[in-house]
Each structure stands twice: as structure tokens, then as C-alpha cells.
Amino acid sequence: MTLVRIRDLRVAFDGVPVLHGINLDISAGETVGLVGESGCGKSVTWLAALGLLPAKARITGTVETAGSDLVSGGRSVLETIRGGRIAMIFQDPSSALNPVRRVGQQIAEALRLHRGLRGAAARAEAISLLDRVGIPDAARRLDLYPHEFSGGQCQRVMIAMALAGQPDLLIADEPTTALDATIQAQILALLTEVQRETGMAMVFISHDLGAVGAVCDRVAVMYAGRIVEEARREPLFAAPRHPYTRGLFDAIPRLDGPRSRLVPIPGTVPDPKNTPAGCAFSPRCARATSLCASERPTLLPQSDGRALACFHPVPAATLVSREGVFA
Amino acid sequence: MMLLEAHGLVRTYLTRKSMFTPPEAVRAVDGVDLVLAPGEALGLVGESGSGKSTLGRMLLGIDPPDAGEIRFNGAPMPALGTASWRKLRAQMQMVFQDPLAALDRRLPIAEQIAEPLAIHGIGTASERNDRARSLMAQVGLRVDQAGRFPHELSGGQRQRVVIARALATSPRLLVCDEPVSALDVSIQAQVVNLLRDLQDRHGIAMVFISHDLKVVRNICDRVAVMYLGRIVEEASSDDIFSSPRHPYTRALAASVPIPGARLDPSTLLQGEPPNPARRPEGCAFHPRCTLMRPGCAGAVPRLLPTTPTRRSACPVVAA
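All figures in this text were calculated on a predicted structure; none of them were measured in a lab.

### Here we look at the nonpolar core
Note on soluble globular proteins: their nonpolar side chains tend to be buried together.
Alright, step 1. Membership of the largest hydrophobic core comes to 125 residues, with the highest contact counts inside it found for A:Leu130, A:Phe204, B:Ile163 and B:Phe208.
Alright, step 2. Counting the residues that make up this core, at least three belong to each of domain 1 (99-161) and domain 2 (243-326) of chain A.
Alright, step 3. If we ignore the near neighbours within four places in the chain, the residues touching B:Ile163 are B:Val95, B:Val139, B:Val191, B:Leu194, B:Leu195 and B:Leu198.
Alright, step 4. Core analysis: the second largest hydrophobic core is formed by 36 residues, A:Leu3, A:Leu19, A:Ala48 and A:Leu70 among them.

Pasting the structure below:
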């Protein structure tokens, strides 16, 4: 069952397009990763979908969920969906929480708005939520302020607030980027566990292919405001076909094997004001031909179930030399 | 002779929770011994609050130790701010995480790269200008970008400017504090390769501080793992993550997601790093440790050689 259907979503800031038509379906219960570098549009996609961009952003296309369109529906539609059906958590939990209100009050506010709970019932539910996300001594810590929690615990509090509305879909925008690797692993485990219990779907936005691979069923790779490759986790990690996806894998140093020189992607991400005419990745791509500089490849379904936007993809037989990945 | 030797380094900060409570002493660095050979790259890893950044600043003499001693090139580190310390700074430079904050927004980049030469009175104005251009070429910047301002460059290019500036006085030691953490993966690989090349070409010794174990392993010859102000394990970068001995190193290595592999909840490290002001008795790691024995809460374990190339501070795995 499709929970959210995004069609031709476009965003422009001051006449400069940054998102060039995204099509993406999220089904109930699944975990979809959105990967890419800064400015590729992975966060903007969901900020636009949930009406969280500044007023100067021009948004077109449709984001359908529960029979309504979030782009054209306006504030009233957004408020029934946002925080209830679709919740979102962000990279920096300490700035997403209100510093001058106790965390219990902030969770209770979400419970009142989305589930009509008040007073003792809201407090009891807030304690059970904090307990659920692994905050020890929840009943006492309900009355603390955000600065009295560590970064990892603040992210747990944010997750508790997001769960307060019993969402069908959680958008997690770089939720572990600001955290230590050990705490990142704990938060990823918590998100996976919560999903297993509640059956909610999740969109996991990250620049870290490792973290995405750890939790996601399906992955969409974005570059310069477009999806360039989309596949299930196993085929994508076993054999990335878009030269950009492949380049991302090759650029990551390894924790095992020889300490060889890294293979960076040359050049930098294009300026949105000045995107190349054909494929936006062509100036950085070793496989590019003159066709790539003039024509833009569309995202087309492939025989193995993935979608790919490339005239000269990496041959399917060339597996990434990462022995033992699926051992 | 070792380029850098540190013995028994301690750095204590006083913090207070409010105006009315007495200050608490926080030992950010708590008895660190380390050596660095000329041209060697040493990685410092650990969670936030482990004291790795404080230790990096101490090694340059920017943060004076409360106890212990640092010797650079065989001689004691001169006191912060003295003329001899300033003179020595030409031989030891630092690269920070955020290049935009480390650069002057109102100065063209070539002038910033040449500035250390002017400060140390090296060369004439035109020689300094030539040197700045040659440094720009070395770090992969185009010479026609000399008149650009930091805001006109990308994040990766700015970090190249910071590295060129650090190299201007031909230092023998470079302390890099999370130099690639703010960069995108593809750009990060470019800067990592640049640092490796510069090290090979000029034989600069490097202390590389990062929370990213994969990057540290790629750049460094040797790695020291820190927990709450102490080194708990030290070994060659080939060995330390492939066969970690100390339970904390094991947990750190296991927390790094491998692209394509599902999360394995059984290897998760429980809990968070304790508040350095309330350091657990004995081995500071014992409340989170899966191998904890009754004796672990007693004496602080010493960092002892377990093999000729490895030091570990865990009596349980040493036994």
C-alpha cells in the first residue's frame, strides 16, 4: 500500500531551481534511504512536502497522502498530516527542542495536539514514550530541560516526540550525523526496533552510505536535485550502476584491507544557478561522452528492478570489490 | 631522536554548574604519555569528551599542561606566548575542522597563505608572494584563484587554503583536528589524499584527530584510542581496528557501519560516555564494559605494552 506518492516535485528559490522533478513512492512499513551530498535536494524534498520551506520557495508538483495533496492543500491539510500521519526528526536535536520548556511539557504538547491527551494521561504516556526510547529514569527526567540531556539523549527525546503522534511515516533527516559513532549505532538500532514494533515507514536522509545500508530496504541516490539511481539495498550495494553512486562507494575509506589511496570524485557539486546542460554529473564523470553534455538522461526502470538515469552506466557485471559484504 | 615526546600530561578545567555552586575540576587530559617520530602520522580517536582535541592543542603548547612535560625535537616546549615559543610555532602548525572560521573573510586567500611567512619574517614580499602561489598549486588550487575571498570558494577549496597556510613555514609537525569532518564524502577523499601526498613528499609528522575511524586508519601509521582523558590502547593502524584488544576499541570498531551490512545490535556499546567531572573509579570504562570484573572498579589500569607494537590498558584482555 502506497503511503505517500510524490509526483514531479519541483522547488525553486528566487527563481533558481534546486529540485527538478522528484517522483518517489513510500509504501507502508518500508524504510527508504535518500543519499547524496550537500545541496543535492534530499532534505529539500521532504521540507517541501511538509510545507516547512520559507515562503520564498516556489513549489510545484504533488505530494499525495491519505487522499489529499500536501502541496496544494494549504495549511489546514498540512496540519492534519504533519506530526500526526507524518513526523520528522532533524540533525541537530538540541536546536529542534525548545530550550526553555521541560521535555515532558514538549512531549505532552504533541500528545495533546495529535491524540487529545491531557493532564495525568498525557504525563503517563510521555513517561512511557521516554522509557520506550531508552531514557533511563524517565519519570524523573520528564521534568528536566533539554540542556540537561546529552546530544544522543536529545535525539531520543525528539524520537519520543515524533512517536507521540503515532505516525505512519517518520522522516529522519540526518538524525545521527552530529553524534558519535557509538551513539549513532544505538540510535539506528532504536529506530529499527521502533519500526518493527509499530510498523511505521521511515525515510532516512543521510550522506553516510554505511548508515543508510544499516537500516534501509530501498535507497534513492540524489545528485543536483534529481534522483539518479534507485534500487533495493542489496543490488545497489553489490553493484552500483550510476557512475556517481559508484564514485560515492569508491571514495569511502575502509576499516579493513589495504590502506590504499582513496579514489575521490574529481571536481565539486555544481552551483544550482549554473547547472550543466546535459547530465549534471557529466563534468565530473569518467564515463561521460558528448551525448552526456548535451542530453539529460531520464530515470528509467531497468530489468533488474532498479531505476537509473545514465547513458553509460557502470556495466552490471562489474561488482564493487567489497568481499564479504553479504557474507 | 623523537620529534615529539610527552610525559604524564594533565590538563584540568574548572567548571561550575551555577554561580552558587563551588567549581568542579574536570580532568580533560589525565596522564598521557606519547611519542611521535619525524614524519610519522599518529591518529587520536575517541568519543566527544575523550580529551583528544585538548591533547592536540597541548602538543602545540597552546594549552599549557597542569602537569607533565612536552619535548619538541629534544628540547622542552617553551611557555605559551614567549618569544621562543612563537619562534617554534613556525615548525608546528594546526588545521581545524571549520575552514570558514579559521580564515579571515576580508583577506584574499593568497595573502592569508603568505601571512605566516610575514609573521615569522621569512623572505621578501615578492618571495612570499611566489611561495603562496607555489603552495596553492601544491594543494590543488588554481593560481588564478589567488585574489579570491574565502566565501567565493567551496568547503573543500577552503580547507585546501587552510592546509596551504599551515604548510607555508615548512613545519615539521601538523596537528589536524577533524580536518575533513565537515566535507562531503567525495571532497573528503580529495583532501585525505592531499594530506597523504604532502606527508609523503615533505615528511611532515602529523597528529590527526578525528571521530571517523575509517579516515584515521587510511591516513595514520599508528592510532591511539582515548577514553575520558586517557589513552586506553595504542597500536599500528593496520592492527588496531582489525584485531582490537581493549573492549572500548572493540566497541568503537564495531560501531562503524560497513556499507551494505545490516546493523548488528549485539555489538552495540551500551550507555554514553560518562561526565568527565564524575569519572568512574578504577577503569573509567568499566560501567559500559562487557568484560567487567570486580577488580575493574579498583585501581586505574596502566597502559602497558602487550606486544612490541601495542600498548593496552586492560588487565582483563592482557591476562
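That was the structure; now back to the text.
### A look at the packing of helix 4 (residues 103-115) of chain A against helix 5 (residues 119-132) of chain A
Residues and elements named next belong to chain A.
Alright, step 1. For the pair helix 4 and helix 5, the least separation of the axes is 9 Å and the interaxial angle reads 115°. With respect to each other, helix 4 and helix 5 are oriented roughly perpendicular. As for the relative orientation of helix 4 and helix 5, their crossing is right-handed in sense. Contacts between helix 4 and helix 5 involve Ile107, Ala108, Leu111 and Arg115 from the first element and Ala122, Glu125, Ala126, Leu129 and Leu130 from the second.

### Things to note about the pattern of salt bridges
Alright, step 1. As enumerated under the stated definition, the model contains 37 salt bridges over all chains in all.
Alright, step 2. Notably, a salt bridge pairs A:Asp250 with A:Arg246, separated by 3.3 Å at the nearest N-O pair. One end of the pair is A:Asp250 and the other is A:Arg246, both in helix 11 (residues 243-251) and four residues apart, which spans about a single turn.
Alright, step 3. Taken together, the shared-partner salt bridges in this structure form one network comprising B:Arg11, B:Arg57, B:Asp63 and B:Asp66.

### Thoughts on the packing of helix 4 (residues 109-119) of chain B against helix 5 (residues 125-138) of chain B
Residue and element names in this part refer to chain B.
Alright, step 1. Here helix 4 crosses helix 5 at 120°, and the two axes come no closer than 9 Å. Taken together, the axes of helix 4 and helix 5 lie oblique to each other. As helix 4 runs across helix 5, the sense of the crossing is right-handed. Touching Ile109, Ala110, Ile113, Ala114, Leu117 and Ala118 of helix 4 are Arg128, Arg131, Ala132, Leu135 and Met136, all from helix 5.
Alright, step 2. Partitioning the contact of helix 4 with helix 5 into residue classes produces nine nonpolar, no polar and two charged.

### What about the sheet that holds strand 5 (residues 68-69) of chain A?
Think of a sheet as strands paired side by side through backbone hydrogen bonds, with each pair either parallel or antiparallel.
Alright, step 1. Read from one edge of the open sheet, four strands run 2-1-4-5 (chain A), paired in antiparallel fashion. The open sheet has two edge strands, strand 2 (16-27) and strand 5 of chain A, and neither has a second partner.

### With respect to the sheet that holds strand 9 (residues 222-227) of chain B
Residue and element names in this part refer to chain B.
Alright, step 1. An order of 6-7-8-3-9-10-12-11 is seen for the eight strands of this open sheet, with the pairing classed as mixed. Both outer strands of the open sheet, strand 6 (92-95) and strand 11 (304-307), are each paired with one neighbouring strand and no more. Here the strands of the sheet are splayed against their neighbours by 25° on average, with no regard to which way each runs.
Alright, step 2. Pairing of strand 10 (residues 230-236) with strand 12 (residues 310-312), which is carried by two bridges, proceeds in the antiparallel orientation. From the neighbouring strand, glutamate 233 faces strand 12, where its bridge partner is serine 312.
Alright, step 3. Across the sheet, helix 6 (residues 155-167) is in contact with strand 6 and strand 7 (173-177); its angle to strand 6 comes to roughly 175°.

### Digging into the side chain of B:Gln190
Alright, step 1. Structurally, the position occupied by B:Gln190 is in helix 7 (residues 185-202).
Alright, step 2. Here B:Arg160 takes part through its side chain, which lies 3.0 Å from a polar atom of the side chain of B:Gln190.

### Thoughts on the side chain of A:Thr65
Residue and element names in this part refer to chain A.
Alright, step 1. Tracing the backbone through its elements, the reader meets threonine 65 in strand 4 (residues 57-65).
Alright, step 2. Residue classification places threonine 65 among the buried positions, given a relative accessible area of 2%.
Alright, step 3. When near neighbours in sequence (up to four residues on either side) are disregarded, threonine 65 contacts Leu3, Val4, Leu70, Ile81, Arg85 and Ile86.

### Some remarks on the domain arrangement of chain A
Alright, step 1. Partitioning chain A into structural domains gives domain 1 (99-161) and domain 2 (243-326).
Alright, step 2. With centres defined by C-alpha atoms, the gap from domain 1 of chain A to domain 2 of chain A works out at 43 Å.

The rules behind the values
- Residues numbered from 1 in each chain as written.
- Chains lettered and ligands numbered in written order.
- Predicted model: local features only at pLDDT ≥ 70, side-chain atom pairs only at ≥ 80, totals over all residues.
- Heavy atoms only, no water.
- Core = buried A, V, L, I, M, F, W, Y, C linked by side-chain atoms within 4.5 Å.
- Buried < 20%, exposed > 50% of the residue type's maximum accessible area, 1.4 Å probe, protein only.
- Domains from an automatic or database assignment.
- Contact = heavy atoms within 4.5 Å.
- Axes fitted to C-alpha atoms, helices over the stretch in contact; angles between N-to-C directions.
- Helix = DSSP H or I, 4+ residues; strand = E, 2+ residues; numbered from the N terminus.
- Parallel < 35°, antiparallel > 145°, perpendicular 65-115°, else oblique.
- Left-handed = near helix turned anticlockwise from the far one by under 90°.
- Salt bridge = Lys/Arg side-chain N within 4 Å of Asp/Glu carboxyl O.
- Nonpolar A, V, L, I, M, F, W, Y, C, P; charged D, E, K, R; others polar.
- Pairing = 2+ DSSP bridges.
- Polar contact = N/O pair within 3.5 Å; in protein donor to acceptor, adjacent residues only side chain to side chain.

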